[in-house]
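Report on the structure
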Protein chains: 2
Amino acid sequence: MDENQEFISILRAEGLRYTWQRQAIWDEIKSTDEHRDADDIYLSLKQAGKTISRATVYRTIDVLVKYGFIRKLEFGEGRMRLEHKLDPAHHDHLVCENCGRIIEFVDDRIEDLQTAVCQQHGFQLTRHVHQLFARCQAYPDCEYYQSQHR
Amino acid sequence: MDENQEFISILRAEGLRYTWQRQAIWDEIKSTDEHRDADDIYLSLKQAGKTISRATVYRTIDVLVKYGFIRKLEFGEGRMRLEHKLDPAHHDHLVCENCGRIIEFVDDRIEDLQTAVCQQHGFQLTRHVHQLFARCQAYPDCEYYQSQHR
DNA sequence: TTTCTATTGTGAATGAGTCTCAATAATATA
DNA sequence: TATATTATTGAGACTCATTCACAATAGAAA
Ligand SMILES: [Mn+2]
Ligand SMILES: [Mn+2]
Ligand SMILES: [Zn+2]
Ligand SMILES: [Zn+2]
């Protein structure tokens, strides 16, 4: 089934209504592979002439999280960041403290060791947060940083 | 040198003043191995007759973090938690989503793999956040949970 | 169409944490 | 010990992300 058809039918199946606001927010989040915050989404939509209230943006984000379309991330900045899950594979994040770049990684050995640690304590792993904060090779002068800050 | 003498001399060495408020907050955080939040500290002190403004609690926490006495943690609850670093060894956290228990763990293989992942991307690891969310064996009935909620 | 009720927009509220500023108290100095 | 200097404190205003209440609106079912 087409990806957007699935979006629509999941809403319907859950007794939720299909609104242009929900479609626009989902489209906006799908449109890049970045890890943006709620206000980014709100402002981008506004810029594009689709003004939707912040309350609706936040409410829709919760719907998208609940039905597995997106994921909330928290890098200790005091606000949530979002990413779509079009590619359903799990990954963790490497964040450059120099330039802000976010790199995705998966290491199967780490994944297995996490499960093992839980088992050793008699726990069943349900989810995990794994973030590596690092400095890119170019520290302290980074072209990426320059490019992002003009 | 006695642990508290060190507290006092670090303050002095940094040109900071030794106040009973700072001593009381440090004592309160040292007093347990739990992972409490700022308001817990504030309220416990108040309960004990040592009323200190919240602003001072937050300011002192930042001083304690800066000089390595404590560490801030963020478990995605929207507020910081604290832990003392009397034992300077690094550890990560396993959090039970059933009863709230927090278990500390270290796995040297994971620690090494984290460094390796960073190197593969040409980054220098500076710090990491690793939290395992899990269910204890007793799920959904947990004596620990019962004991914490009367 | 009409009806039903989920969704929306608005703006107020929340809550953790920060900031300002006048009063206070820790330390250095005489 | 008295005085001067200035870091620290307390009070409360403020910030900022997010949530909430509620009246108006608009999907969807009949
Ligand atoms: Mn990602
Ligand atoms: Mn700990
Ligand atoms: Zn992972
Ligand atoms: Zn670790």
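Please refer to the structure placed before this passage.
Residues numbered from 1 in each chain as written. Chains lettered and ligands numbered in written order. Predicted model: local features only at pLDDT ≥ 70, side-chain atom pairs only at ≥ 80, totals over all residues. Heavy atoms only, no water.

Here's the deal with the side chain of Arg36(B)
Residue and element names in this part refer to chain B. To be explicit about the condition: Secondary structure elements follow DSSP: runs of H or I of four or more residues count as helices, runs of E of two or more count as strands, with numbering from the N terminus. Three exposure classes are used, based on accessible area relative to the maximum for each residue type with a 1.4 Å probe and protein chains only: buried under 20%, partly exposed in between, and exposed over 50%. Polar contact is the term for a pair of N or O atoms within 3.5 Å; when the atoms are in protein, one must be able to donate a hydrogen and the other to accept it, and sequence-neighboring residues count only if both atoms are side-chain atoms. For this analysis, residues touch if any pair of their heavy atoms sits within 4.5 Å.
Within the element layout of this structure, Arg 36 appears in strand S1 (residues 36-37). A residue is classified by how much of its surface remains accessible, and Arg 36, at 10% relative accessible area, is buried. Here the side chain of Arg 36 touches Ser 44 through a polar contact of 2.7 Å, side chain to side chain. Aside from chain neighbours lying at most four places away, what touches Arg 36 is Glu 28, Ser 31, Ile 41, Ser 44, Met 80, Arg 81 and Leu 82.

Observations regarding the coordination of the zinc ion (ligand 4)
Residues and elements named next belong to chain B. Filter applied, for reference: Water is not among the atoms examined, so metal sites may look incomplete; donors are the N, O and S atoms within 2.8 Å of the metal, or within 3.2 Å for Na, K and Ca.
For the zinc ion (ligand 4), the full set of protein donor atoms is His 90 (NE2), Asp 92 (OD), Glu 111 (OE) and His 128 (NE2), and the range of their distances to it is 1.9 to 2.1 Å. As a motif over one chain, the donors of the zinc ion (ligand 4) read H-x1-D-x18-E-x16-H. Residue Asp 92 is found in strand S4 (residues 92-96), and its partner Glu 111 is found in helix H5 (residues 108-120); the two are separated by 19 residues along the sequence. Classification of Asp 92 as buried rests on a relative accessible area of 3%.

Examining the interface of chain A and chain B
In plain terms, the rule: Once two parts are joined, some of their accessible surface, as seen by a 1.4 Å probe, is lost; buried area is that loss totalled over both. Should a side-chain nitrogen of Lys or Arg be within 4 Å of a carboxyl oxygen of Asp or Glu, the pair is scored as a salt bridge. Throughout, the ten residues Ala, Val, Leu, Ile, Met, Phe, Trp, Tyr, Cys and Pro are labelled nonpolar, Asp, Glu, Lys and Arg are labelled charged, and all others, Gly among them, are labelled polar. Pairing between strands requires that DSSP locate at least two bridges from one strand to the other.
At the junction of the two partners, chain A supplies 29 residues and chain B supplies 29 residues. Of the roughly 2,900 Å² buried where chain A meets chain B, counting both sides, 66% is carbon and sulfur surface. Three residues stand out in chain A for area buried against chain B, namely Leu113(A), Phe123(A) and Phe133(A), and they jointly supply 20% of the buried area on that side. There are 2 salt bridges connecting chain A and chain B. Glu97(B) is the partner of Arg127(A) in a salt bridge, and the nearest nitrogen-oxygen pair spans 2.8 Å. If you list the elements that add at least two residues to the side of chain A that touches chain B, you get strand S4 (92-96), strand S5 (102-105), helix H5 (108-120) and strand S6 (123-136) of chain A. Per-class residue counts for the side of chain A that touches chain B are 15 nonpolar, 9 polar and 5 charged. With 13 bridges joining them, S6(A) and strand S6 (residues 123-136) of chain B adopt antiparallel strand pairing. Considered in S6(B), the bridge of His128(A) is made with Leu132(B).

Here we look at the nonpolar core
For the record, the criterion: Residues enter a nonpolar core if they are buried and are Ala, Val, Leu, Ile, Met, Phe, Trp, Tyr or Cys, with the set joined through side-chain atoms within 4.5 Å.
The biggest cluster of nonpolar side chains holds 30 residues, and the ones touching the most others in it are Leu94(A), Phe123(A), Cys136(A), Leu94(B), Phe123(B) and Cys136(B). Those residues in contact with Phe123(B) that lie beyond four places of it in its chain are Leu94(A), Cys96(A), Ile103(A), Ala134(A), Arg135(A), Cys136(A) and Cys118(B).

Topic: the coordination of the manganese ion (ligand 1)
Residue and element names in this part refer to chain A. Coordination sphere of the manganese ion (ligand 1), protein contribution only: His 35 (NE2), Glu 83 (OE), His 91 (NE2), His 93 (NE2) and Glu 104 (OE), at 1.9 to 2.3 Å. Taken in sequence order, the residues that donate to the manganese ion (ligand 1) follow the motif H-x47-E-x7-H-x1-H-x10-E. Of this pair, His 35 sits in the loop between helix H2 (20-30) and strand S1 (36-37) while Glu 104 sits in strand S5, and the two are 69 residues apart along the sequence.

A word on the sheet that holds strand S5 (residues 102-105) of chain B
To keep things clear, this is the line we draw: Helix axes are fitted to C-alpha atoms over the stretch in contact, other axes to C-alpha atoms as well, and angles between N-to-C directions run from 0 to 180 degrees.
Within the open sheet, the 6 strands sit side by side as S5(A)-S4(A)-S6(A)-S6(B)-S4(B)-S5(B). Their pairing is mixed. Strand pairing shows two members of the sheet lacking a second neighbour, S5 of chain A together with S5 of chain B, which therefore form its edges. Within the sheet, the average angular offset between the axes of one strand and its neighbour, ignoring direction, is 25°. Pairing of S4(B) with S6(B) involves 4 bridges; the strand directions are parallel. The partner of Leu94(B) across the bridge, within S6(B), is Leu132(B). Those strands touched by H5(B) are S4, S5 and S6 of chain A together with S4 and S6 of chain B, and its axis lies near 135° from that of S6(B).

Overview of the protein's contact with DNA strand C
The cut-off we apply is this: Nearness is judged by heavy atoms alone; a residue qualifies as near a molecule or strand once a single heavy atom is within 4 Å of it.
Looking at DNA strand C, there are 20 residues lining it, with Arg22(A), Thr56(A), Arg59(A), Tyr58(B) and Met80(B) nearest. Within 4 Å of the protein, atoms of DNA strand C come from sugar and phosphate in 67% of cases. A distance of 2.8 Å is found between a base nitrogen of DNA strand C and a side-chain nitrogen or oxygen belonging to Arg59(A). At 2.7 Å from a phosphate oxygen of DNA strand C is found a main-chain nitrogen or oxygen belonging to Met80(B). At the level of secondary structure, the elements contributing two or more residues to the surface near DNA strand C comprise H2 and helix H4 (54-66) of chain A together with helix H4 (54-66) of chain B. Residue composition of the surface near DNA strand C, by class: 7 nonpolar, 6 polar and 7 charged.

Examining the packing of aromatic side chains
Definition in use: Note on aromatic contacts: the rings of Phe and Tyr and the six-membered ring of Trp form a pair at centre separations within 6.5 Å, being stacked when their planes are under 30 degrees apart, edge-to-face when over 60 apart, and tilted otherwise.
Counted according to the given criterion, the structure contains 8 aromatic pairs over all chains. Their ring planes at 75° and their centres at 6.5 Å tell us that Phe7(A) and Tyr18(A) sit as a pair that is edge-to-face. Of this pair, Phe7(A) sits in helix H1 (residues 3-13) while Tyr18(A) sits in the loop between H1 and H2, and the two are 11 residues apart along the sequence. When the centroid spacing of 5.5 Å and the interplanar angle of 80° are considered together, the rings of Phe7(B) and Phe69(B) count as edge-to-face.

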